[in-house]
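Structural characterization, general
Below, each chain spelled out in residue letters.
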Amino acid sequence: MSEDVRLVAWVRGHVQGVGFRWFTRAKALEIGGLSGFALNLADGRVQVVAEGAREGCEGLLDWLQGDDTPGRVDGVTEIWDTPRGGYDGFAVR
């Protein structure tokens, strides 16, 4: 059985105004079993919170760090934690 985790990632680069949050949600739904959100921050970064199986969260993180995202990702900072729950699906905020 897979361990459930919480991933919080801050994505920096040209990631606002390019559909980044929408594509992040689509990727989370494609992976399946993930809940959370993607949120634009005032400083130009996008915060991504995902909870679910470790493998799914790692897959989302790999995608965030890869070359297949919209815009341009200059870097991703992440922390791992225990799930807190309370999310209904994966939202764009």
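Look up a bit, the structure's there.
Conventions used here
Residues numbered from 1 in each chain as written. Predicted model: local features only at pLDDT ≥ 70, side-chain atom pairs only at ≥ 80, totals over all residues. Heavy atoms only, no water. Pairing = 2+ DSSP bridges. Helix = DSSP H or I, 4+ residues; strand = E, 2+ residues; numbered from the N terminus. Axes fitted to C-alpha atoms, helices over the stretch in contact; angles between N-to-C directions. Contact = heavy atoms within 4.5 Å. Buried < 20%, exposed > 50% of the residue type's maximum accessible area, 1.4 Å probe, protein only.

**Looking at the sheet that holds strand β4 (residues 72-81)**
One open sheet accounts for five strands, arranged β4-β1-β3-β2-β5; its pairing is mixed. Because the sheet does not close on itself, it has two edges, and the strands there are β4 and β5 (90-92). On average, adjacent strands in this sheet sit at an angle of 15° to one another, irrespective of strand direction. Here strand β2 (residues 35-40) runs beside β5; their pairing, made up of three bridges, is parallel. Paired with Phe37 across the strands is Ala91, a residue of β5. Helix α1 (residues 20-31) rests against β1 (4-14), β2, β3 (46-53), β4 and β5 of the sheet, and its axis sits at about 170° to β5.

**Topic: the side chain of Gln47**
The residue Gln47 is located in strand β3 in this model. Exposure remark for Gln47: the relative accessible area of 16% places this residue in the buried category. Setting aside residues no more than four positions away along its own chain, Gln47 makes contact with Val8, Ala9, Trp10, Phe37, Ala38, Leu39 and Leu41.

Just distances and angles here, no functional claims.
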